[in-house]
Structures are given as structure tokens and as C-alpha cells.
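If you want the building blocks of each chain, they are given just below.
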Amino acid sequence: MSDFNIPADLKQQMLEERILQLNTEGYRHELNLKQFEAVGAGDSAEAEQTRQAIEIIKTALAICAEEKENSR
């Protein structure tokens, strides 16, 4: 349920765009993590931040998918 009145078709479009953005961002983080690991920095603070970002993105994707399903 949203406090904002958005037409269903616009909401679907917005969610699809956001899902694409999140997937793109998540993939970038995956690539960064592979690079950290390739240079032996897999245990670095930066690598851990990248792992956390990936988990946040996965959560956001789940929320968007649920929102998309519920707004049909």
C-alpha cells in the first residue's frame, strides 16, 4: 500500500525500470568483488562493503518484485 496515488500502468513501468537499475548496479558490484578477489583483496573493507551492497540490492529487488506483483 502506498501513500501516493500513481496509475497502475505507470507504477508497473517504474518498477520495471527500477528492477533493471538494481540488477545493473548489482552486477557492477559483483564485478568489483571479483576484481577485489583477483588481486587478493577479498578480505578488505572495500570488498566487505561491496558484499553488503549486494545484499541490500537483493533485498531491494525482492521488495520491487513483491510491489510489482501486488500492483497488478
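As a reminder, the structure under discussion sits directly above these lines.
Each residue is numbered by its place in its chain's sequence as written, counting from 1. The predicted nature of this model means local features are confined to residues of pLDDT at least 70 and side-chain atom pairs, given and counted, to a pLDDT of 80 or more, with totals for whole chains, interfaces and linings taken over all residues. Think of the side-chain values as coming from all heavy atoms in the structure, minus any hydrogens and water.

Peer 1: So what's going on with the pattern of salt bridges? Which residues, and what values?
Peer 2: A pair is scored as a salt bridge if a Lys or Arg side-chain nitrogen falls within 4 Å of a carboxyl oxygen belonging to Asp or Glu. Here the structure, examined in full by the defined rule, presents four salt bridges. Note that R51 and E48 form a salt bridge whose closest N and O atoms lie 3.6 Å from each other. Remark: E48 and R51 occur in helix 2 (residues 45–70); sequence separation between them is three residues, near one turn of the helix. With relative accessibility at 38%, the residue E48 sits in the partly exposed group. Note that K58 and E55 form a salt bridge whose closest N and O atoms lie 3.8 Å from each other. A run of H or I in DSSP becomes a helix once it reaches four residues, and a run of E becomes a strand once it reaches two; helices and strands are each numbered from the N terminus. For every residue, the accessible area (1.4 Å probe, protein chains only) is compared with the maximum for its type, and the residue is labelled buried under 20%, exposed over 50%, or partly exposed between those bounds.

Peer 1: Summarise helix 1 (residues 8–38); cite the residues concerned and give the values.
Peer 2: How far a helix is expected to stretch is found by multiplying one less than its residue total by 1.5 Å. In this model helix 1 runs 45 Å from its N-terminal to its C-terminal C-alpha over 31 residues, within 8% of the 45 Å that 1.5 Å per residue would give. What helix 1 keeps buried is the set Q12, L15, I19, L22, G26, H29 and L33. After helix 1 finishes, the residue G40 shows a positive phi value of roughly 80°.

Peer 1: Can you explain the side chain of T50? Please cite residues and give values.
Peer 2: Its place among the elements puts T50 in helix 2. Throughout, a residue-residue contact means that at least one pair of heavy atoms, one from each residue, lies within 4.5 Å. Dropping the residues within four chain positions of it, T50 is found in contact with H29, N32, L33 and F36.

Peer 1: Mind laying out helix 2, listing which residues take part and the relevant values?
Peer 2: Quick reminder: α-helices carry 3.6 residues per turn. Residues three or four places apart thus point the same way. Taking 1.5 Å per residue as the helical rise, helix 2 with its 26 residues ought to reach 38 Å, and the 38 Å between its terminal C-alpha atoms agrees with that figure. Within helix 2, burial applies to A47, T50, A53, I54, I57, L61, C64 and K68. Along its buried surface, helix 2 packs onto helix 1.

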